[in-house]
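Listed here are the chains, written in short residue letters.
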Amino acid sequence: MSLKLMYITNNKDIAFIAQKYGVDRIWIDLETLGKEERQKNLDSVKSRHNIEDVAALASFLDKSELMVRVNPWNPMSQTEIDKVVDSGARIVMLPMWKSVGEVEKFLNAVKGRAKTSLLLETKEAVECVDDVLSLKGIDEVHIGLNDLHLSYGLKFMFELLSNGTVEMLCKKLHAAAIPYGFGGIAGIGKGLLPAENIIPEHYRLGSSRVILSRSFYSFDGDINKADETFEKNISQIKQCEQKSAQMDADALASNQRFVESKIKEIVGMLTESKING
């Protein structure tokens, strides 16, 4: 098993560098409906991509797959999906779905012209996930921790990892034989919860996809620095994956306990900061 690494960018130079060093997917983000309001207090990526970016990147990517996140289902979804597919998207992702009906409409709109990815990030989606997974035509599911933790009113997105929600969903997805992933990672040694501890959790839970977060790399205009950063960080992630693949059940369980302890510590810090703030 090897994690499919996904990176959000509409910058051709950065996409080329990411592809060169083994990023499996370049992600164009067209989602705007409701996103600003939902994530207004989060230090999260709020992209300003457009449909022209899809064709621009599709024209030169030859190793990395091009994935496009469209808007949540709405009256203009069929038109948007048609444009995205016609522009060269190989994977179309539906965010913020809350019902079986929305997923059915999405699958019918894509009509097998591209792979389909469901971004599971609402508590309503969790509640209807069994019925959704019985549908035909779902190629993969990604569990989006940012919006899902907000949907449950949690303080830290990785609480979903420690409270059993991610594990429960992974088991359902595994049973349905649908490939899945969850959340994102920063570079090794970075982030409140270190990537070197999150990656073994992906292996323990059978996850095969992960997003490279803004903490992994944020372009500052220096292409040479971008090249060096991707080369170093991707290499370190691959090394961590190799170690994770060799961990036995006891080692994975030990890492899981550390992760749960670390998440509890972080939630405590965030709670105290809010009280004192």
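Residues numbered from 1 in each chain as written. Predicted model: local features only at pLDDT ≥ 70, side-chain atom pairs only at ≥ 80, totals over all residues. Heavy atoms only, no water.

Visitor: I'm lost on the sheet that holds strand S2 (residues 25–29) in this one. Help?
Guide: Each strand in a sheet pairs with its neighbour through backbone hydrogen bonds, running either in the same direction (parallel) or in the opposite one (antiparallel). An order of S7-S6-S5-S4-S3-S2-S1-S9-S8 is seen for the nine strands of this open sheet, with the pairing classed as parallel. Edge positions in the open sheet fall to strand S7 (180–182) and strand S8 (184–185), since each of these has one partner strand only. (Pairing = 2+ DSSP bridges. Helix = DSSP H or I, 4+ residues; strand = E, 2+ residues; numbered from the N terminus.)

Visitor: Help me understand the pairing of strand S3 (residues 65–69), please; the structure alone is not making it clear to me.
Guide: Taken residue by residue, a regular strand's side chains alternate between the two faces of the sheet. Summarising burial for S3: five of the five residues are buried, a large majority. Of the two faces of S3, the one lined by Glu65, Met67 and Arg69 and the one lined by Leu66 and Val68 are each fully buried. Inspection of the sheet shows S3 paired to strand S4 (residues 91–94) by three bridges, in the parallel sense. When the bridges of S4 are listed, valine 68 appears paired with valine 92. With helix H4 (residues 77–86) bridging S3 and its parallel neighbour S4, the resulting β-α-β unit is right-handed. (Buried < 20%, exposed > 50% of the residue type's maximum accessible area, 1.4 Å probe, protein only. Right-handed = clockwise from strand over helix to strand, strands pointing away.)

Visitor: Would you explain the pairing of S4 in this entry?
Guide: The two faces of S4 match: Ile91 and Met93 on one face and Val92 and Leu94 on the other face are all buried. In this sheet, strand S5 (residues 115–120) lies alongside S4 in parallel orientation, the contact comprising four bridges. When the bridges of S5 are listed, methionine 93 appears paired with serine 117. What joins S4 to S5 is helix H5 (residues 100–110), and the crossover it makes is right-handed.

Visitor: Where do I start with the environment of isoleucine 263 in this structure?
Guide: Checked against the element boundaries, isoleucine 263 lands in helix H13 (residues 249–276). Considering only alpha carbons, one finds isoleucine 263 and serine 162, 101 residues apart in sequence, at a separation of 7.1 Å. Not counting the four nearest positions on each side in its chain, isoleucine 263 is found in contact with Phe156, Phe158, Glu159, Leu161, Ser162 and Leu193. (Contact = heavy atoms within 4.5 Å.)

Visitor: How should the side chain of serine 207 be read in this particular structure?
Guide: Within the secondary structure, serine 207 sits in the loop between helix H11 (195–205) and strand S9 (209–212). Owing to a relative accessible area of 0%, serine 207 belongs among the buried residues under this scheme. Polar contacts involving the side chain of serine 207 include one to the side chain of histidine 202, which spans 2.7 Å. A polar side-chain atom of serine 207 sits 3.3 Å from the main-chain carbonyl oxygen of arginine 209. (Polar contact = N/O pair within 3.5 Å; in protein donor to acceptor, adjacent residues only side chain to side chain.)

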